[in-house]
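# Per-entry structural report
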Amino acid sequence: KKTPLIWRFWLNRLATLDYKPKKQGDKINVAISRLHQTGIAFIPFSDLFENIDFEEFRKAVSKEINLFEKDGNTHNDELKSYFDFILGLHPKFEKDSIWNKVASHPNLQALSDAYFRMKGTKMRYYNIWRHRPFSNAPMGSQLWHRDREDLKILKVFIYLEDVEEQTGPFYYAPGTQLGGSVKNNPETYKEADGTNRTTDEMMEKVVPREKWISAIGKKGTVVLADTHGYHKGGYVKEGERLLFTCMYVSPACGR
């Protein structure tokens, strides 16, 4: 367990001291500012990923999904039967792939460094996620929770199809990120695997329901969120939610 001071000024001391802001485009600066204020921000794909054609990226995803289905990998995590990890449960890093070209894009790296206020934040994960309809009560990541990899975590979600309310959008409780305006934690309970979860009723006692941010958006929307703040998502009622995701953490993170 790390306190924020130890995390920043001991474990990430050099990365913090070496950080120098870089000039960014106006829309990227707005996204960084929103991340600092609320823990979540939105930006169009074309404004963040220069020189990458979104439709060509979608074609690469479609090809990968076809391979996934040809191999019969319709489920690859028995605890998340509603959830397909298209690149595998433990995806292999491929330096020259389109996935790394997107996940390690210079603009995204600079945005991550600016949000953490550290030099050299690390891209530690990428995958294609497909959520399918689920009729049981919400479970797992469909309930409110914090991700535990680090004290700040920048998750990136690139919508490959439109995400509406019925397709299980990501929900965020603004201000619950490290340094945010919400200082109290909601009640939690433990699932069978020992993970802490929070129900809607528990969360609204700390962050009123009307302040929750529902990340609906058209294909090509990029959602940026600090998932050490409270969030939930993926409860699909109709259709499916298809997205590419990647994650940045601090240089000292052991992930």
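The structure we're discussing is the one just above.
Presented here is an overview of the structure given in this document. As the structure is a prediction and not an experimental result, all values here were calculated from the model. (Residues numbered from 1 in each chain as written. Predicted model: local features only at pLDDT ≥ 70, side-chain atom pairs only at ≥ 80, totals over all residues. Heavy atoms only, no water.)

For the rest of this paragraph, the subject is the overall build of the protein. Along its length, the protein carries eight helices and 11 strands. A compact globule built from 255 residues would reach a C-alpha radius of gyration of about 18 Å, and the protein, at 18 Å, matches this within 12%. Within the protein, buried positions represent 51% of all 255 residues. Across the protein, the fraction of contacts at a sequence separation of at least 24, relative to all contacts at a separation of at least 6, is 83%. (Helix = DSSP H or I, 4+ residues; strand = E, 2+ residues; numbered from the N terminus. Rg over C-alpha atoms; globule rule 2.2 N^0.38 Å. Buried < 20%, exposed > 50% of the residue type's maximum accessible area, 1.4 Å probe, protein only. Contact = heavy atoms within 4.5 Å.)

The next point concerns the nonpolar core. One finds Phe 49, Phe 57, Ile 128, Ile 158, Val 222, Leu 224 and Phe 244 to be the most contacted residues of the largest nonpolar core, which totals 43 residues. Ignoring sequence-local partners within four residues, the contact set of Leu 224 consists of Ala 31, Leu 35, Gly 39, Ile 40, Ala 41, Ile 43, Leu 108, Leu 111, Leu 154, Lys 155 and Val 156. By size, the runner-up hydrophobic cluster in this structure holds 21 residues, among which are Phe 85, Tyr 125, Val 163 and Ala 225. (Core = buried A, V, L, I, M, F, W, Y, C linked by side-chain atoms within 4.5 Å.)

Using the criterion set out here, one finds 20 aromatic pairs in the structure. Relative to Phe 49, the ring of Phe 45 lies with its centre 4.8 Å away and its plane at 35°, an arrangement referred to as tilted. Residue Phe 45 shares its accessibility class with Phe 49, and that shared class is buried. Aromatic pair Trp 99 and Phe 244: ring centres 6.0 Å apart, planes at 25°, arrangement stacked. Of the two residues, Trp 99 is situated in helix H6 (residues 98-103) and Phe 244 in strand E11 (residues 241-249); the sequence distance between them amounts to 145 residues. (Phe/Tyr/Trp six-rings, centres within 6.5 Å; stacked < 30°, edge-to-face > 60°.)

Next up on the list: the sheet that holds strand E8 (residues 213-214). One open sheet accounts for three strands, arranged E8-E5-E10; its pairing is antiparallel. Lying at the two open borders of the sheet, with one neighbouring strand each, are E8 and strand E10 (231-232). Summarising the sheet, strand E5 (residues 171-172) and E8 pair through two bridges and their orientation is antiparallel. By the bridge assignment, Tyr 172 is partnered in E8 with Ile 213. (Pairing = 2+ DSSP bridges.)

Right, let's talk about the layout of surface pockets for a bit. Over the atoms, a rolled probe matching the size of one water molecule traces out where space is still vacant. Here the second largest pocket is characterised by a volume of approximately 330 Å³. Lining the second largest pocket are 17 residues; nearest its centre among them are Glu 165, Tyr 171, Asp 200, Lys 232 and Tyr 235. Across the lining of the second largest pocket, the residue classes break down as seven nonpolar, five polar and five charged. (1 Å grid on protein atoms, 1.4 Å probe; cavity = no way out; pocket = protein on both sides within 12 Å on 5 of 7 lines; lining within 4 Å. Points joined across faces, edges and corners; volume = space filled by probe spheres on them. Nonpolar A, V, L, I, M, F, W, Y, C, P; charged D, E, K, R; others polar.)

On to the environment of Lys 70, then. Position of Lys 70 relative to the elements: it lies in helix H5 (residues 54-70). Judged by its relative accessible area of 72%, Lys 70 falls in the exposed class. Distance from Lys 70 to His 231, taken between C-alpha atoms, is 33 Å for residues 161 residues apart in sequence.

The full count for this structure, using the stated rule, is one cavity of 30 Å³ or more. Within this model, the largest cavity holds a volume of roughly 40 Å³. Lining the largest cavity are Arg 146, Thr 176, Val 182, Asn 184, Asn 185, Pro 186, Val 206 and Tyr 230. For the lining of the largest cavity, the class distribution of residues is four nonpolar, three polar and one charged.

Glancing now at the environment of Thr 16. Within the fold, Thr 16 resides in helix H2 (residues 13-17). Considering only alpha carbons, one finds Thr 16 and Ala 114, 98 residues apart in sequence, at a separation of 11 Å.

Quick look at the pattern of salt bridges now. Applying the stated criterion across every chain, the model contains 15 salt bridges. Between Glu 55 and Arg 58 there is a salt bridge; the shortest N-O distance is 3.1 Å. Remark: Arg 58 and Glu 55 occur in helix H5; sequence separation between them is three residues, near one turn of the helix. Residue Glu 55 is classed as partly exposed on the basis of its relative accessible area of 37%. Classification of Arg 58 by relative accessible area gives buried; the value is 16%. The closest approach of N and O atoms between Lys 59 and Glu 56, which form a salt bridge, is 3.4 Å. Of this pair, Lys 59 and Glu 56 both sit in helix H5, three residues apart, which is roughly one turn of that helix. (Salt bridge = Lys/Arg side-chain N within 4 Å of Asp/Glu carboxyl O.)

Non-glycine residue Asn 51 carries a positive phi angle of around 65°. Position of Asn 51 among the secondary structure elements: in the loop between helix H4 (45-48) and H5. For Arg 117, which is not glycine, the phi dihedral falls at a positive 55°. Checked against the element boundaries, Arg 117 lands in the loop between helix H7 (106-116) and strand E3 (122-131). The class of Arg 117 is partly exposed, set by a relative accessible area of 47%.

Scope: geometric values only; no functional claims are made or implied.
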